[in-house]
Amino acid sequence: MKPTVGIVGTGIYLPKGRMTAKEIADQTGGIWSEDAIIQKLGIVEKIVPFDNATDGTQEMGALAALDCLKNTGVDPKEIDVILCVTEEWKEYPLTTSALYVQDRIGAVNAWGIDVQNRCCTTVSALKMAKDMLVADDDVHTVMVVGGYRNLDFVDYSDKNMSMMYDLAAGGGAIILKKNYGKNELLGSHIIGDGSLSRTAGVEIGGICNPLTKDNLEESKKSLRLMDPVKMKNRLNEVSMPNWYKCINESLRKSNFSKEDFSKDGFLAILHMKRSGHLSLLQDLGLKEEQSIYLENYGHIGQIDQILSLHLALQSGQVKDGSIVCMLAAGIGYVWAANVIRWG
């Protein structure tokens, strides 16, 4: 018998800053109206950094980790591995975020590693955590944790960037244990499409286009669609089919049917435009209350799935018997889903 892997609990850190739909609209210089930001892009307001002392990417992950320890009662010395999903945009380049968290929370017996899959990183890291817990007799407790604030690079005057106007800030953490006996993480499925690997990203500041005194100011807002036509055409062709394949395969691997999911499911999904969210729910046979639309939070990258589960546990939308499907997509391009049987 293979070991099982269960989720012990979650932790969240959200900065105090907020940016309203009107403020976003104003930043676009008239390209988007406040009403369109709310109705089409689905952003009433989003969470933004308030104080850099607490709202740096690594520190937000650490604060979420501390919240997770408080919520679960887990002793940090029990943690064997920290898989850190903190973004590359962080307080100090080339520092290891997992080890920053390890020190901040006192997880003295853990080793840690940073993993990156853009906004798919949490779902990917949960699969990695499960595989480690199943395969390694010496690993019993894993924390997946990270922070995100890629919104710093968004140029709201760039009309191609409307798909990223919702980028927000925050941290999340989740603890998994071997043979926990409940809240079992079951099947996962991930699809990658490397043909899109350089269609979006921060254009200035790397080896190919290094920082200079002439491009310094431009670099600060250089998260861009570097090949918008290719990216949008390819995503229109493959994105929804890939998502449905991820959902269907993760359900199949978990021995659940689509009917099981439509009856008892909760979709912990990243923030996206309103019509896309509602269309997905309809196609999956889910009611709106079987998900949480993050219109008052924005898109906190790979933290969205942890936040959605965290909120659903608080509201009672996820309870014993719920079939939770985490759904994500990340530039690169990656699509991912997993299934958790809660209770």
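These numbers were taken from a predicted model, which means no experiment stands behind them. (Residues numbered from 1 in each chain as written. Predicted model: local features only at pLDDT ≥ 70, side-chain atom pairs only at ≥ 80, totals over all residues. Heavy atoms only, no water.)

Colleague: Could you clarify how one ought to interpret the overall build of the chain in this entry?
Modeller: When helices and strands are tallied, the chain shows 10 helices and 13 strands. Taking 343 residues into account, the globule formula puts the C-alpha radius of gyration at 20 Å, and the chain, at 19 Å, falls close to it. Viewed in the frame of its principal axes, the chain has a C-alpha envelope of about 60 × 45 × 35 Å. Each of the 343 residues in the chain was classed as buried or not, and the buried ones make up 55%. In the chain, the share of contacts with a sequence separation of at least 24, taken over all contacts with a separation of at least 6, comes to 77%. With an accessible surface of roughly 15,000 Å², the chain has 51% of that area assigned to carbon and sulfur atoms. Between the mean site of the 36 positive side-chain charges and the mean site of the 43 negative ones, the chain shows a separation of 3 Å. (Helix = DSSP H or I, 4+ residues; strand = E, 2+ residues; numbered from the N terminus. Rg over C-alpha atoms; globule rule 2.2 N^0.38 Å. Buried < 20%, exposed > 50% of the residue type's maximum accessible area, 1.4 Å probe, protein only. Contact = heavy atoms within 4.5 Å. Areas by Shrake-Rupley, 256 points an atom, 1.4 Å probe, with all protein chains shown as cover. Lys, Arg positive; Asp, Glu negative; His and termini not counted. Charge placed at Lys NZ, Arg CZ, Asp CG, Glu CD.)

Colleague: Explanation requested: the environment of Ala64 in the structure shown.
Modeller: With respect to the element layout, Ala64 can be found in helix α3 (residues 57-72). The exposure class assigned to Ala64 is buried, which follows from its relative accessible area of 0%. With 61 residues separating them in the primary sequence, Ala64 and Ala125 have C-alpha atoms 16 Å apart. Those residues in contact with Ala64 that lie beyond four places of it in its chain are Gly11, Ile12, Tyr13, Gly171, Gly172 and Ala173.

Colleague: Would you mind going over the pattern of salt bridges with me for this structure?
Modeller: Between side chains of opposite charge, a pair can form when the charged atoms approach closely. What the rule picks out here adds up to 17 salt bridges. With a closest N to O distance of 2.7 Å, Arg104 and Glu59 form a salt bridge. With Arg104 in helix α4 (residues 97-105) and Glu59 in helix α3, this pair connects stretches of sequence that are 45 residues apart. Residue class for Glu59 comes out buried when judged on its relative accessible area of 9%. For the salt bridge of Glu237 with Arg234, the shortest nitrogen-to-oxygen distance reads 3.4 Å. With Glu237 and Arg234 both in helix α7 (residues 228-253), this residue pair falls 3 residues apart, about one helical turn. For Glu237, a relative accessible area of 53% corresponds to the exposed category. Each of the salt bridges in this network shares a partner with another, and the network as a whole consists of Glu87, Glu88 and Arg118. (Salt bridge = Lys/Arg side-chain N within 4 Å of Asp/Glu carboxyl O.)

Colleague: Before we go on, may I ask you to explain the packing of α7 against helix α9 (residues 274-283) in this structure?
Modeller: The relative placement of two packed helices is expressed as an angle between their axes plus a distance between the axes. In contact at an axis separation of 12 Å, α7 and α9 are set at 45 degrees when each is read in the N-to-C sense. Considering their axes alone, α7 and α9 lie oblique with respect to each other. Between α7 and α9 lies a crossing of right-handed hand. Here α7 contributes Met240, Trp243 and Tyr244 to the contact with α9, which in turn contributes Ser279, Leu280 and Asp283. Considering only residue class, the contact of α7 with α9 consists of 4 nonpolar, 1 polar and 1 charged. (Axes fitted to C-alpha atoms, helices over the stretch in contact; angles between N-to-C directions. Parallel < 35°, antiparallel > 145°, perpendicular 65-115°, else oblique. Left-handed = near helix turned anticlockwise from the far one by under 90°. Nonpolar A, V, L, I, M, F, W, Y, C, P; charged D, E, K, R; others polar.)

Colleague: Just to check I follow, could you spell out the side chain of Lys90 for this structure?
Modeller: Examined against the element boundaries, Lys90 turns out to sit in the loop between β4 (81-84) and α4. Within the local environment of Lys90, its side chain forms a polar contact with the backbone oxygen of Thr95, the two atoms lying 2.7 Å apart. (Polar contact = N/O pair within 3.5 Å; in protein donor to acceptor, adjacent residues only side chain to side chain.)

Colleague: What am I meant to see in α7 here?
Modeller: Note that an α-helix has 3.6 residues per turn; residues three or four places apart therefore point the same way. The end-to-end C-alpha separation of α7 is 35 Å, in line with the 38 Å expected for 26 residues at 1.5 Å each. Along α7, the largest kink reaches about 45 degrees and is centred on Leu235. Where α7 ends, the next residue or the one after it, Asn255, has phi of about 65 degrees, a positive value. (Expected span 1.5 Å × (residues − 1). Bend = angle between axes of the 7 residues up to and from the residue.)

Colleague: Got a minute to help me understand the environment of Gly194 in this structure?
Modeller: Checked against the element boundaries, Gly194 lands in the loop between β8 (184-192) and β9 (200-202). Note on Gly194: relative accessible area 55%, which makes it exposed.

Colleague: What exactly am I supposed to notice about the state of the cysteines here?
Modeller: Covalently bonding the sulfur atom of one cysteine to the sulfur atom of another cysteine gives a disulfide. All chains considered together, the criterion is met by 0 disulfides. Not engaged in a disulfide, the cysteine Cys120 finds its nearest cysteine sulfur in Cys246; these two sulfurs lie 7.5 Å apart. (Disulfide = S-S within 2.5 Å.)

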